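Structural overview
Here is how the chains run, residue by residue.
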Amino acid sequence: RPPRSTLFPYTTLFRSYLIRAITQARIAKDFVVVHLGDISIPDVASQVADFLLPLEQSTWTFCTGVYEKNVFLSLRTTNMHVDAGHFIQEIVGDWGRAGGHEMMAGGKIPLPGNHNLSYEEVTEHLNRAISLKLWGEELVFEFLELPHEE
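Residues numbered from 1 in each chain as written. Predicted model: local features only at pLDDT ≥ 70, side-chain atom pairs only at ≥ 80, totals over all residues. Heavy atoms only, no water.

Some words on the overall build of the protein
- The number of helices and strands found in the protein is four helices and seven strands.
- Helices and strands appear in the protein in the N-to-C order α-β-β-α-β-β-α-β-β-α-β.
- The buried share of the protein, reckoned over its 150 residues, is 43%.
- Sequence separation of 24 or more characterises 56% of the internal contacts of the protein that already satisfy a separation of 6 or more.
- Carbon and sulfur atoms provide 53% of the accessible area of the protein, an area that totals close to 8300 Å². (Helix = DSSP H or I, 4+ residues; strand = E, 2+ residues; numbered from the N terminus. Buried < 20%, exposed > 50% of the residue type's maximum accessible area, 1.4 Å probe, protein only. Contact = heavy atoms within 4.5 Å. Areas by Shrake-Rupley, 256 points an atom, 1.4 Å probe, with all protein chains shown as cover.)

A word on the packing of aromatic side chains
- For the structure shown, the criterion picks out five aromatic pairs.
- An angle of 40° between the planes, with centres 5.7 Å apart, marks the rings of F31 and W135 as tilted. In this pair, F31 is assigned in strand β2 (residues 31-38) and W135 in helix α4 (residues 119-135), connecting sequence segments 104 residues apart.
- On the basis of relative accessibility, which here comes to 0%, the residue F31 falls in the buried class.
- Taken together, the aromatic side chains of F31, F62, W135 and F141 make up a single cluster linked through ring pairs. (Phe/Tyr/Trp six-rings, centres within 6.5 Å; stacked < 30°, edge-to-face > 60°.)

Considerations on helix α2 (residues 44-52)
- The element α2 is extensively covered by neighbouring structure, given that seven of its nine residues are classed as buried.
- Buried within α2 we find V44, A45, S46, Q47, V48, A49 and L52.
- Buried positions along α2 lie against α1 (12-24), β2, β3 (60-67) and β4 (70-77).

So, the environment of A98
- Turning to its location among the elements, A98 is positioned in strand β5 (residues 97-100).
- Overall, A98 belongs to the partly exposed group, its relative accessible area being 23%.
- A sequence separation of 24 residues divides A98 from S74, and the C-alpha atoms of the two residues are 9.3 Å apart.
- Excluding its chain neighbours within four sequence positions, the residues that come into contact with A98 are I88, Q89, V92, G106 and G107.

Just distances and angles here, no functional claims.
This is the structure:
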């Protein structure tokens, strides 16, 4: 595994993940989600979630990636009324391990794991569980539209 410092901004590797994240990101309400698929460093999920959180329309960001047959996930929020660590533990349940603090959380779910689902099925389940818990409904996600200069 490469040293953690290779992941931080302005490295070619990090820029390539940001480009992938921006092109694959989806949004519903104030929830931005991106599922990166295969990643070469587990920390990518947390770095991308951190990067996407300051977007104007975002209060929540959720990023996942697969590294060595594990889904690494990262949840970030600016909502101070929800404990992100406790929240993600409830969402992940017995599928894996999760934890965190008030505004940031992460976890790991093995593939195929005791749920016997694919990465795509796991991420669909996580999207659905998070949206039902936060908004009481299953959200419909659309591509993220970033502001652009004319």
